[in-house]
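# Understanding the architecture of this molecule
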Amino acid sequence: MSDELWELIEPELPSSAGRRGRPSRDHRQTLEAILWRYRTGCPWRDLPAEFGPWQTLWKRHHRWSADGVYQRMLERLVQS
């Protein structure tokens, strides 16, 4: 993902401010993993280890989907 694209969509990703517990994984790396998974068509379990645990990535993807994060990112890209 290019830096220009990242600058456009980063504001639409949820903030970790005020969250309790362990710090969350880097949003950019998480999004790169999700994009890689859809680009290759591999099962979640087959994501490369460098992206982190597949369960964590799947949970974040599922939460972002339910919260409308992807829709907001798409709307921001269409507006630019």
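Keep in mind it's a predicted model, so treat the numbers as computed, not measured. (Residues numbered from 1 in each chain as written. Predicted model: local features only at pLDDT ≥ 70, side-chain atom pairs only at ≥ 80, totals over all residues. Heavy atoms only, no water.)

### Remarks on the overall build of the protein chain
When its secondary structure is counted, the protein chain shows four helices and zero strands. Counting from the amino terminus, the protein chain carries its helices and strands in the arrangement α-α-α-α. Rg of the C-alpha trace for the protein chain: 13 Å, near the compact-globule value of 12 Å for 80 residues, within the 12% margin. Expressed along its principal axes, the backbone C-alpha trace of the protein chain runs to roughly 35 × 35 × 25 Å. The buried share among the 80 residues of the protein chain stands at 26%. Summarising the internal contacts of the protein chain: among those between residues at least 6 apart in sequence, 56% fall at separations of at least 24. Surface summary for the protein chain: the accessible area is close to 5700 Å², and the carbon and sulfur share equals 49%. With 13 positive and 11 negative side-chain charges, the protein chain shows a separation of 11 Å between the mean positions of the two kinds. (Helix = DSSP H or I, 4+ residues; strand = E, 2+ residues; numbered from the N terminus. Rg over C-alpha atoms; globule rule 2.2 N^0.38 Å. Buried < 20%, exposed > 50% of the residue type's maximum accessible area, 1.4 Å probe, protein only. Contact = heavy atoms within 4.5 Å. Areas by Shrake-Rupley, 256 points an atom, 1.4 Å probe, with all protein chains shown as cover. Lys, Arg positive; Asp, Glu negative; His and termini not counted. Charge placed at Lys NZ, Arg CZ, Asp CG, Glu CD.)

### Digging into the side chain of His27
Looking at where His27 falls in the secondary structure, it is placed in helix H2 (residues 27-40). Judged by relative accessible area, which is 18%, His27 ranks as buried. Look past the residues within four positions of His27 in its chain and what remains in contact with it is Trp6, Leu13, Pro14, Arg60 and Trp64.

### Let's talk about the packing of aromatic side chains
Enumeration over the complete set of coordinates arrives at three aromatic pairs. Relative to Trp44, the ring of Tyr38 lies with its centre 6.3 Å away and its plane at 90 degrees, an arrangement referred to as edge-to-face. Considering the side-chain rings of Trp64 and Tyr70, the 6.2 Å spacing of their centres and the 75 degrees angle between planes classify their relative orientation as edge-to-face. When the ring centre of Tyr38 is taken as reference, the NZ or CZ atom of Arg37 above it lies at 4.7 Å. (Phe/Tyr/Trp six-rings, centres within 6.5 Å; stacked < 30°, edge-to-face > 60°. Lys NZ or Arg CZ within 6 Å of the ring centre and 35° of its normal.)

### As for the side chain of His61
Structurally, the position occupied by His61 is in helix H3 (residues 54-67). Those residues in contact with His61, other than ones at most four positions away along the chain, are Ile34, Tyr38, Trp44 and Tyr70.

### Re the packing of H2 against H3
The N-to-C vectors of H2 and H3 enclose an angle of 90 degrees; their axes lie 10 Å apart at closest approach. Judged by the angle between their axes, H2 and H3 are roughly perpendicular. Only Leu57, Arg60, His61 and Trp64 of H3 make contact with H2, whose side of the interface consists of His27, Thr30, Leu31, Ala33, Ile34 and Tyr38. Of the residues assigned to the contact of H2 with H3, the class counts are six nonpolar, three polar and one charged. (Axes fitted to C-alpha atoms, helices over the stretch in contact; angles between N-to-C directions. Parallel < 35°, antiparallel > 145°, perpendicular 65-115°, else oblique. Nonpolar A, V, L, I, M, F, W, Y, C, P; charged D, E, K, R; others polar.)

### Considerations on the packing of H3 against helix H4 (residues 69-79)
Where H3 meets H4, the axes come as close as 5 Å, and the angle between the chain directions of the two elements is 65 degrees. Judged by the inter-axis angle, H3 sits roughly perpendicular to H4. For the pair formed by H3 and H4, the contact residues are His61, Trp64, Ser65 and Asp67 on the first element and Val69, Tyr70 and Arg72 on the second. Residues of the contact of H3 with H4, tallied by class, amount to three nonpolar, two polar and two charged.

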